[in-house]
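# Structure at a glance
Listed here are the chains, written in short residue letters.
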Amino acid sequence: DEAIGKLISDLIIPVELRARHAHGLATLGKTGKGSMLRKRIELMSVSKYGIEIPVELAIVPITIGHHVSYTTFLRDLTARNKAAADQQYLKEQMLHVQKLESLGVLAGGIAHDFNNFLASIMGNVDLALAILKADAVTKNHLEKIQKIVHHAAELCSQMLAYSGKGNFLVERLDLAVYIRTLTKIVDISAGKNIRIEYSLSQQPLFIDVDPASLQQVIINIVTNASEA
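In this report, the structure presented in the accompanying data block is examined. What you are looking at is a predicted structure, and each value in this text was computed from that prediction instead of being measured. (Residues numbered from 1 in each chain as written. Predicted model: local features only at pLDDT ≥ 70, side-chain atom pairs only at ≥ 80, totals over all residues. Heavy atoms only, no water.)

## Quick notes on the overall build of the protein chain
Counted only if it meets this: A helix here means a DSSP run of H or I that spans at least four residues, while a strand means a run of E at least two residues long, and both kinds are numbered starting from the N terminus. Only protein chains enter the calculation, and the probe is 1.4 Å; a residue is then buried if its accessible area is under 20% of its type maximum, exposed if over 50%, and partly exposed in between. A contact between two residues is defined here by any heavy atoms of the two lying within 4.5 Å. For the accessible areas, the method is Shrake-Rupley and the probe is 1.4 Å, while residue cover comes only from the protein chains on display.
Looking only at helices and strands, the protein chain has 7 helices and 5 strands in total. Sorting the 228 residues of the protein chain into buried and exposed places 24% on the buried side. Pairs at least 24 residues apart make up 52% of the contacts formed inside the protein chain by residues separated by at least 6 positions. Carbon and sulfur atoms make up 60% of the accessible area of the protein chain, which totals about 16700 Å².

Listed below in structure tokens is the structure:
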């Protein structure tokens, strides 16, 4: 009863959407010269409940004697479009995973080679400390090099672990005590114009963790805070 006497366009396309589909609506009234053309267009419609939905409108001519009528089929494309969007999302996620895998392989290869260089540096520093009768200043510089190379080697181990080519070195340590050992490097990470105040637990806080990973987390937190 609601449809009788009305144009199909009036039923499926409200006034506010007419301008968007003016071209598509214009083609509905054209059947071609001497031919019964089937027409199919996609447009936005509004359901009886006021919800905007994508639809496919198909016009099929039917000849009865010399009289030509047209049957209109309307199909809700919501489910089809959602399936297509989901498929596209999965495709993008797959490509993202493949990129991460490639980066993991690259990072693992670089870390492995870099670790070899660090091992060579560490070996030469150890030999220098063992052979040279160095003064206190020279010895201090060499020991600093040792610490820096040691931290760099830990970062390489992290990269290898994340890329699947190595293992995390999990240790049991007291969190508060460990943070106290990082105060110098943490202060440097914060910058010159920022003062860090420590309020660490006096009670033991034992955790099982990879020290290099924990150090990186703490430094990242401090760096992000200082930049903010």
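## Examining the pairing of strand β3 (residues 67-76)
The test is simple: Two strands are said to pair when DSSP picks up at least two bridges between them.
Strand direction decides the pairing type here: strand β2 (residues 52-64) and β3, joined by 10 bridges, are antiparallel. Within β3, the residue paired with P61 across the bridge is Y70.

## A few points about helix α3 (residues 78-131)
To keep things clear, this is the line we draw: An expected span of 1.5 Å times one less than the residue number is assigned to each helix.
Between its first and last C-alpha atoms α3 spans 78 Å; for 54 residues at 1.5 Å apiece the expected length is 80 Å, and the two agree. Of all the positions in α3, only G104, G108, A111, L118, V125 and A128 are classed as buried.

## A look at the pattern of salt bridges
The cut-off we apply is this: Any carboxyl oxygen of Asp or Glu within 4 Å of a side-chain nitrogen of Lys or Arg constitutes a salt bridge here.
Applying the stated criterion across every chain yields a total of 5 salt bridges. One salt bridge in this structure joins K82 and D86, with 3.0 Å as the shortest N-O distance. Separated by 4 residues within a single helix, K82 and D86 lie in helix α3, roughly one turn from each other. On the accessibility criterion, K82 (52% relative accessible area) is exposed.

## Description of the sheet that holds strand β1 (residues 39-46)
Strand-to-strand pairing in sheets goes through backbone hydrogen bonds, with the strands running parallel or antiparallel. Applicable threshold: Axis definition: a line fitted to C-alpha atoms, limited for helices to the stretch in contact. Angles are taken between N-to-C directions and run from 0 to 180 degrees.
With antiparallel pairing, the 3 strands of this open sheet are ordered in space as β1-β2-β3. Pairing within the sheet leaves two strands with one partner each, and these edge strands are β1 and β3. Strand-to-strand twist of the sheet, defined as the mean angle between neighbouring strand axes without regard to direction, takes the value 30°.

## Considerations on the layout of surface pockets
This is how the line gets drawn: Grid points spaced at 1 Å over the protein atoms alone were grouped into cavities, where a 1.4 Å probe fits but cannot get out, and pockets, open sets with protein on both sides within 12 Å along at least five of seven lines, with lining residues defined by an atom within 4 Å of a point. Grid points are joined across faces, edges and corners, and a volume is the space filled by probe spheres set on the points. Gly is placed with the polar residues, together with every amino acid not listed as nonpolar (Ala, Val, Leu, Ile, Met, Phe, Trp, Tyr, Cys and Pro) or charged (Asp, Glu, Lys and Arg).
Computed from the structure, the largest pocket encloses a volume of approximately 520 Å³. Lining the largest pocket are 15 residues, and of these K147, H151, T181, K184 and I185 sit closest to its centre. Among the elements of the structure, α4 (136-162), α5 (175-181), α6 (183-190) and α7 (211-227) are those that each provide at least two residues to the lining of the largest pocket. Ranked by residue count, the leading element in the lining of the largest pocket is α4, at 7 residues. For the lining of the largest pocket, the per-class residue count stands at 6 nonpolar, 4 polar and 5 charged.

## Side note on the nonpolar core
Cut-off, in case you're wondering: The criterion is simple. A nonpolar core is a set of buried Ala, Val, Leu, Ile, Met, Phe, Trp, Tyr and Cys residues joined through side-chain atoms within 4.5 Å.
Grouped together as the largest cluster of nonpolar side chains are 10 residues: L173, Y178, I179, L182, V186, A190, V209, L214, I218 and V222. Secondary structure elements with two or more residues in this core: α5, α6 and α7. Top element by residues in this core is α7. It accounts for 3 residues. Every residue in contact with A190, bar those within four places of it in the chain, is listed here: I196, V222 and S226. Formed by 7 residues, the second largest nonpolar core is a distinct cluster that contains I41, V55, L57 and I59.

## Side note on the side chain of D174
Where we set the bar: None of His or the chain ends enter the tally, which takes Lys and Arg as positive and Asp and Glu as negative. N or O atoms within 3.5 Å of each other form a polar contact, as long as, within protein, one can give a hydrogen and the other can take it, and as long as residues adjacent in sequence are counted only when both atoms are side-chain atoms.
Looking at where D174 falls in the secondary structure, it is placed in strand β4 (residues 171-174). It is R180 that comes nearest to the buried, bridge-free D174 among opposite-charge side chains, at 6.1 Å. Reaching out from D174, the side chain makes a polar contact with the backbone nitrogen of L205 at a distance of 3.3 Å. When near neighbours in sequence (up to four residues on either side) are disregarded, D174 contacts P204, L205 and F206.

From the geometry alone we can't say anything about function, so treat these as descriptive.
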